[in-house]
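Residue strings, one per chain:
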Amino acid sequence: MYMQGTSFIEILFGTLFVFLYSITILGLILVIIAENRNPLKTIPWVIVLLLVPGLGLIFYIWFGQDNRRQRFISRKTYRRIKKHPHTGKMQPDSCVVYEPYKELTILLNKTKDAPLLYGSDLKIYTNGKDKFHDLFEDIRQAKHHIHIQYYIFCDDEIGCSLQELLIRKAHEGVEVRVMYDDVGCWNVKDRFFEKMKREGIMVYPFLKVVFPVFSSKVNYRNHRKVVIIDGRIGYMGGMNVADRYVEGLKWGIWRDTHFRITGKGVQGLQTAFLLDWFVVSKEVINGKIYYPPVPVESDNIMQIVTSGPVGPWRILAQAEIYAITNAKKYVYIQTPYFLPTEALNQALQIAARGGVDVKIMLPERSDTRMTNLASRSFLADIIRAGVKVYFYQPGFLHAKLLLSDDYLCCIGSANMDFRSLEHNFEINAFVYQRDFAIQMKKVFMHDMEQCRHITPRLWLKRPLRKRFSESFMRLFSPLL
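All values reported here derive from a predicted model rather than from experimental measurement. (Residues numbered from 1 in each chain as written. Predicted model: local features only at pLDDT ≥ 70, side-chain atom pairs only at ≥ 80, totals over all residues. Heavy atoms only, no water.)

Remarks on the overall build of the protein chain
In plain terms, the rule: By definition, any uninterrupted DSSP run of H or I lasting at least four residues is a helix, any uninterrupted run of E lasting at least two residues is a strand, and each is numbered from the N terminus. The buried label goes to any residue with under 20% of its type's maximum accessible area, the exposed label to any with over 50%, and the partly exposed label to all in between, with areas taken from a 1.4 Å probe on protein chains only. To be clear on the numbers: accessible area is Shrake-Rupley with a 1.4 Å probe, and residue cover counts the displayed protein chains and nothing else.
A tally of helices and strands in the protein chain yields 18 helices and 20 strands. Across the 480 residues in the protein chain, those meeting the buried criterion constitute 57%. Taken as a whole, the protein chain presents about 22,100 Å² of accessible surface, with 59% of it coming from carbon and sulfur.

In structure tokens, the structure reads:
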């Protein structure tokens, strides 16, 4: 009787569990359908939840939730931080952007409140040694505040040197604020950041993940790399804080691009940082001291544009599609990972078929094998369309660049992949100026001398086994 009773209870609870679990999965499927997503994304999630409901549920929590309607910051607080004391609200400068990019500036400003900023000077870094040398020197000269935000902040030689320098400046009375991405710094020991806190530095992780299995925050990371010093000097680009940006990897150099900005462009970086700072600290900062008057140092025009998984628009993807489809002569692209959306993929093919010189530079060898395989699966179609593909040979190419017609240059932290364009918090600068575009064109051409050109005949005749493995990994490209 006891065994029979126990068996009945087990069956009852087992049946109840299956019923509730099935209702949960069915409910999730209905929610996914009701969100009116792209069918290419909806159908795979429905299939995963039906075929492997347990694992599928965890993966959906991690990677599948739609955060477009979520807000990390209220509209009222957003307006308070965006309102600069010395200008009321930061207005577009009195400057002219030539066709066909005038509409692009309107798109960026209307969607992301990114005003035109006139007169900034940009210094280009193509290696970590020069970038960190100048960054450390600028930090040594800081008088009032240092704002630092990196996706990865390693506790290696470079990271510890920066840590000690920031502690020294905090002891001098300089305000030091540090933000790092919680997932990007999972390998960094807690005591590294705790030491900075004890020494008077304000330190916060972005979207801290406490219970990874039950958190959707794992998938939405802050990939920005921004430094602002006294509101007068800014840094942005592709480099994090780690020795590899100086020393390279065992199998080659680490080729990256970063930028030092002076002039009004720094105000755009400052606003982006302070909005993120409010998200992590709930502290509203918008005083005059953080937006000092700055001189006009050139005739370039720029917009600082942030993007993220919240809100209805994927602005960087839209802007890149606009730039590609409106190019008249050429589009040159550098990206470490090439996992384009279907719309972006089509834009590249249309431009190439229309006679535009489209060149894409990728690393021959990547730091992520699965991503590298998935990237390769997209190349056959664009090569057939006439896009010229180059593989960088000396090491890992981590630079991010979109350059068009000796006038438009898009630089910053975003890669040309699903993660950067749809899931990550990114920051890019759109620069409209001939001299700067030509400088970046020279950088691209120099890198191209160290590349292998992938000819259609060579690429389309690769072994079937290799093509299948690439196509298989392509199925997971939205997650990579």
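Let's pick the thread back up.
So, the confidence of the model for the protein chain
Interpreting fine coordinate detail is not advised for predicted regions of low pLDDT. Filter applied, for reference: One number per residue, pLDDT, summarises how confident the predictor is, and it ranges from 0 to 100. The contact rule is simple, with two residues in contact once any of their heavy atoms fall within 4.5 Å.
For the protein chain, mean pLDDT is 84; residues scoring 70 or higher make up 76% of the total. For the stretch residues 1-5, pLDDT sits under 50, and the model shows zero contacts to residues farther than four places along the chain or on other chains. Below pLDDT 50 for its whole length, residues 212-216 participates in 13 contacts with residues either more than four positions away or in separate chains.

Thoughts on the sheet that holds strand E2 (residues 121-125)
As a reminder, the rule being used: For two strands to be treated as a pair, DSSP must find at least two bridges joining them. All axes are obtained by fitting lines to C-alpha atoms, using only the stretch in contact for helices, and the reported angles, taken between N-to-C directions, cover 0 to 180 degrees.
Ordered in space as E2-E9-E7-E6-E3-E4-E5, the seven strands form an open sheet in which the pairing is mixed. Each end of this open sheet is capped by a strand with a single partner; those strands are E2 and strand E5 (202-206). Taken pair by pair, the neighbouring strands of this sheet meet at an average axis angle of 15 degrees, ignoring direction. Direction of pairing for strand E7 (residues 233-237) relative to strand E9 (residues 258-262): antiparallel, over a ladder of five bridges. Directly across from Ile233, in E9, lies its bridge partner Thr262.

Observations concerning helix H5 (residues 102-112)
Put simply, the rule is: Here, the arc refers to the directions that run from the helix axis to the C-beta atoms.
Taken together, the buried positions of H5 are Leu104, Thr105 and Leu108. Projected down its long axis, H5 shows its buried positions confined to an angular sector of 100 degrees, all on one face. Opposite the buried face of H5, by more than 90 degrees, sit the exposed residues Ile106 and Lys110. Where H5 is buried, its residues touch strand E10 (301-307), helix H11 (315-325), strand E17 (408-412) and strand E19 (426-432). The positive-phi residue at the C-terminal boundary of H5 is Asp113, with phi of around 50 degrees.

Here we look at the pairing of E10
Burial within E10 is extensive, with seven of its seven residues counted as buried. On E10, burial covers both faces: Ile301, Gln303, Val305 and Ser307 on one face and Met302, Ile304 and Thr306 on the other are all buried. Direction of pairing for E10 relative to E19: antiparallel, over a ladder of seven bridges. For Ile301, the partnering residue across the bridge sits in E19 and is Tyr432.

With respect to the side chain of Asn424
Which entries qualify depends on this criterion: Two N or O atoms count as a polar contact when they lie within 3.5 Å, although within protein this holds only if one can serve as hydrogen donor and the other as acceptor, and sequence-adjacent residues are included solely when both atoms are side-chain atoms.
Tracing the chain through its elements places Asn424 in the loop between helix H15 (418-423) and E19. Looking at Asn424, the relative accessible area reads 4%, which means it is buried. There is a polar contact of 3.3 Å between the side chain of Asn424 and the side chain of Glu426.

Observations concerning the nonpolar core
Side chains that are nonpolar tend, in soluble globular proteins, to be buried together. For clarity, the threshold we go by: In plain words, nonpolar cores are sets of buried Ala, Val, Leu, Ile, Met, Phe, Trp, Tyr and Cys residues tied together by side-chain atoms within 4.5 Å.
Within the largest apolar cluster, 51 residues are counted, with the highest numbers of intra-cluster contacts made by Leu104, Ile324, Phe338, Leu379, Val389, Phe430 and Tyr432. In terms of residue count, the dominant contributor to this core is H11 (seven residues). In this structure, Tyr220, Ile261, Leu274 and Ile285 belong to the second largest nonpolar core, which totals 44 residues.

Quick word on the sheet that holds strand E16 (residues 401-404)
With mixed pairing, nine strands are arranged side by side in an open sheet as E1-E10-E19-E17-E16-E11-E13-E14-E20. If you trace the sheet from one side to the other, it starts and ends with strand E1 (117-118) and strand E20 (451-454), each paired once. Pairing analysis gives five bridges linking E17 to E19, with the strands arranged antiparallel. Across the sheet, Leu408 pairs through a bridge with Tyr432, a residue of E19. Against the sheet, helix H16 (residues 434-448) makes contact with strand E11 (330-334), strand E13 (357-363), strand E14 (388-392), E16, E17, E19 and E20, and its axis sits at roughly 60 degrees relative to E11, the strand it touches most.

What to know about the packing of helix H6 (residues 128-140) against helix H7 (residues 157-171)
Keep this limit in mind: Here is the rule for angles: anything less than 35 degrees is roughly parallel, anything more than 145 is roughly antiparallel, 65 through 115 is roughly perpendicular, and the remaining ranges are oblique. In this scheme the handedness of a crossing depends on how the near helix is turned from the far one: anticlockwise by less than a right angle means left-handed, clockwise means right-handed. Residue polarity follows a fixed list, in which Ala, Val, Leu, Ile, Met, Phe, Trp, Tyr, Cys and Pro are nonpolar, Asp, Glu, Lys and Arg are charged, and the others, Gly among them, are polar.
Relative orientation of the contacting elements H6 and H7 amounts to 15 degrees, with a least axis distance of 10 Å. Judged by the angle between their axes, H6 and H7 are roughly parallel. Read as a crossing pair, H6 and H7 show a hand that is left-handed. Taking contact as the criterion, the partners of Phe132, Phe136, Ile139 and Arg140 in H6 are, on H7, Ile158, Ser161, Leu162, Leu165, Leu166 and Lys169. When grouped by side-chain class, the residues that make up the contact of H6 with H7 number seven nonpolar, one polar and two charged.

Regarding empty space enclosed by the protein
Our working definition: The distinction between a cavity and a pocket rests on a 1 Å grid over the protein atoms alone: a 1.4 Å probe fits inside a cavity but cannot get out, while a pocket stays open yet meets protein on both sides within 12 Å along at least five of seven lines, and a residue with an atom within 4 Å of a point counts as lining. Grid points are joined across faces, edges and corners, and a volume is the space filled by probe spheres set on the points.
For the structure on display, the rule yields three cavities of 30 Å³ or more. Of the pockets and cavities examined, the largest cavity occupies roughly 90 Å³. If you trace the largest cavity, you find 14 residues lining it, with Glu320, Lys400, Leu401, Leu402 and Ala414 closest to the centre. Elements with a contribution of two residues or more to the lining of the largest cavity: E11, E16 and E17. When residues of the lining of the largest cavity are assigned to their parent elements, the largest contribution, three residues, is made by E17. When the residues that make up the lining of the largest cavity are grouped by side-chain class, the tally is seven nonpolar, five polar and two charged.

Quick notes on unusual backbone geometry
The omega torsion of the bond from Glu99 to Pro100 falls at 5 degrees, within 30 degrees of zero and hence cis. In this structure, Pro100 sits in the loop between helix H4 (75-82) and H5. Backbone geometry places Asp113, a non-glycine residue, at a positive phi of 50 degrees. Along the chain, the position of Asp113 falls in the loop between H5 and E1.

Points about the environment of Trp251
With respect to the helices and strands, the residue Trp251 is situated in the loop between helix H9 (244-247) and strand E8 (253-255). Among the residues examined, Trp251 registers a relative accessible area of 28% and is labelled partly exposed. Linking Trp251 and Phe396, residues 145 residues apart in sequence, is a C-alpha distance of 8.7 Å.

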